[in-house]
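Chain and residue survey
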Amino acid sequence: MPVWAQAGLWGLLAGGALVVGAAVAWFVRVPQRVVATIMAFGAGVLISALSFDLVDEAQRTGGLVPTALGFLGGAVIYVAANVLLSKRGARHRKRSHEIQGSEDETPGSGAAIAIGALLDGIPESIVLGLTLLTGEGVGIAVFIAIFLSNLPEGLSSAAGMKASHRSARYVFGVWGAIAVASGLAGLLGVLLLEGASPETVAAITALAAGAILAMVADTMIPEAFEKTHLYAGLAATVGFLTAFVIGHA
């Protein structure tokens, strides 16, 4: 199977965790404290993957300067886009309780939430696809980290959407579309960067990693801390350690 097709399938599979999380939230009443704890765990998993499997690898293959510039650029781009979407009603898109604005309260917020979810998911799929360019197969540790973090993301956000009286068609339409877009992002990332210089691949990998870290700090950690408070740090630490052990097993 061509590398680009593999990247698309892995991206689709990782994105599918969002749909699974959304389905759990829709059909099962999960306590908010449990949702927040899982969210903190997912944040720790992503931070570990960024530290040991993405940024470090980018620096070793492409150099410090492209990695640093890409990492900072990814964070800046994400924050700028997130600020814009927040003004349109997507500020609390990962919150699991009734803080999400409804369409009646904020016209256009439904589209903003959908675009915000896309903004959160695309960088993850790009870096997952880029791990295939090493010729050693997909980065299993990166895949597991993204999959484990996508479950609480989909669960928390879908719970908030349901609490805000959004329809099942909207909720599953959003997450299904994000899963497909994740597959396409992984596929396109490989197609566009296959054969590119190590510096270019490093910069793009770091750019996506910077966007992911900004997303974790802006959306996942606030949701986790709001409900678990002092226990959020422990859950994030366990997530970090889990991903670290998987990556070195």
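Residues numbered from 1 in each chain as written. Predicted model: local features only at pLDDT ≥ 70, side-chain atom pairs only at ≥ 80, totals over all residues. Heavy atoms only, no water.

**Regarding the UniProt feature "transmembrane region" (unreviewed entry) in the protein**
Note the cut-off: UniProt positions are given in the numbering used here, feature names are shortened, and annotations may be inferred rather than shown by experiment. Under the scheme used here, helices are H or I runs from DSSP no shorter than 4 residues and strands are E runs no shorter than 2 residues, and both carry numbers assigned from the N terminus.
The UniProt record marks residues 6-27, 34-52, 64-85, 126-148, 168-193, 200-217 and 229-247 with the feature "transmembrane region" (unreviewed entry), using the residue numbering of this structure. Summarising residues 6-27: 100% helix, 0% strand, and an end-to-end C-alpha distance of 32 Å.

**Considerations on the packing of aromatic side chains**
For clarity, the threshold we go by: A pair of aromatic rings is counted whenever rings of Phe, Tyr or Trp (Trp by its six-membered ring) have centres within 6.5 Å, and the orientation is called stacked for planes under 30 degrees apart, edge-to-face for over 60 and tilted otherwise. Relative accessible area decides the class of each residue, using a 1.4 Å probe on protein chains only: under 20% of the type maximum gives buried, over 50% gives exposed, and in between gives partly exposed.
Enumeration over the complete set of coordinates arrives at 6 aromatic pairs. Pairing Trp26 with Phe172 gives two aromatic rings, centres 6.1 Å apart and planes at 70°, and the pair type is edge-to-face. Linking Trp26 in helix H1 (residues 3-27) with Phe172 in helix H6 (residues 168-193), this pair joins segments that are 146 residues apart in sequence. The exposure class of Phe172 is partly exposed, given its relative accessible area of 24%.

**Details of the pattern of salt bridges**
The line we're drawing: Whenever Lys or Arg places a side-chain nitrogen within 4 Å of a carboxyl oxygen from Asp or Glu, that contact is recorded as a salt bridge.
Going through the model one piece at a time under the given rule, you end up with 2 salt bridges. Between Asp56 and Arg60 there is a salt bridge; the shortest N-O distance is 3.3 Å. Remark: Arg60 and Asp56 occur in helix H2 (residues 32-62); sequence separation between them is 4 residues, near one turn of the helix. Its relative accessible area of 55% is what places Arg60 among the exposed residues. One salt-bridge network, held together by shared partners, links Asp56, Glu57 and Arg60.

**Notes on the packing of H2 against helix H5 (residues 140-163)**
Heads up, the condition is: Between the N-to-C directions of two axes lies an angle of 0 to 180 degrees, each axis being a line fitted to C-alpha atoms and, for a helix, fitted only over the stretch in contact. Should an angle fall under 35 degrees it is taken as roughly parallel, and over 145 as roughly antiparallel, whereas 65 to 115 is taken as roughly perpendicular and any remaining angle as oblique. Crossings are classed by handedness, with left-handed meaning an anticlockwise turn of the near helix from the far one by less than a right angle and right-handed meaning a clockwise turn. Two residues qualify as a contact provided that any one of their heavy atoms is within 4.5 Å of a heavy atom in the partner residue. All amino acids are sorted into three groups, where Ala, Val, Leu, Ile, Met, Phe, Trp, Tyr, Cys and Pro are nonpolar, Asp, Glu, Lys and Arg are charged, and the leftover types, Gly among them, are polar.
Running from N to C, H2 and H5 cross one another at 155°; their axes reach a closest spacing of 8 Å. One element, H2, and the other, H5, form an angle in the roughly antiparallel class. Handedness of the crossing formed by H2 with H5: left-handed. Here Val35, Ile38, Met39, Phe41, Gly42, Val45, Leu46, Ala49, Asp53 and Leu54 of H2 lie close against H5, whose contacting residues are Ala141, Val142, Ala145, Ile146, Leu148, Ser149, Pro152, Glu153, Leu155 and Ser156. Along the lines of polarity and charge, the residues of the contact of H2 with H5 split into 15 nonpolar, 3 polar and 2 charged.

**Regarding the nonpolar core**
This is how the line gets drawn: By convention a nonpolar core is built from buried Ala, Val, Leu, Ile, Met, Phe, Trp, Tyr and Cys residues, the set being connected through side-chain atoms within 4.5 Å.
Ranked by internal contacts, the top residues of the largest apolar core, which has 28 residues, are Leu46, Leu128, Ile146, Ile212, Met215, Val216 and Met220. Those elements giving two or more residues to this core turn out to be H1, H2, helix H4 (109-130), H5, helix H7 (198-228) and helix H8 (232-248). With 9 residues, the top contributor of residues to this core is H7. Dropping the residues within four chain positions of it, Leu46 is found in contact with Glu124, Ala145, Ile146, Ser149, Glu153, Ile212, Met215, Val216 and Met220. Trp26, Leu155, Val171 and Trp175 belong to the second largest nonpolar core, which has 13 residues in total.

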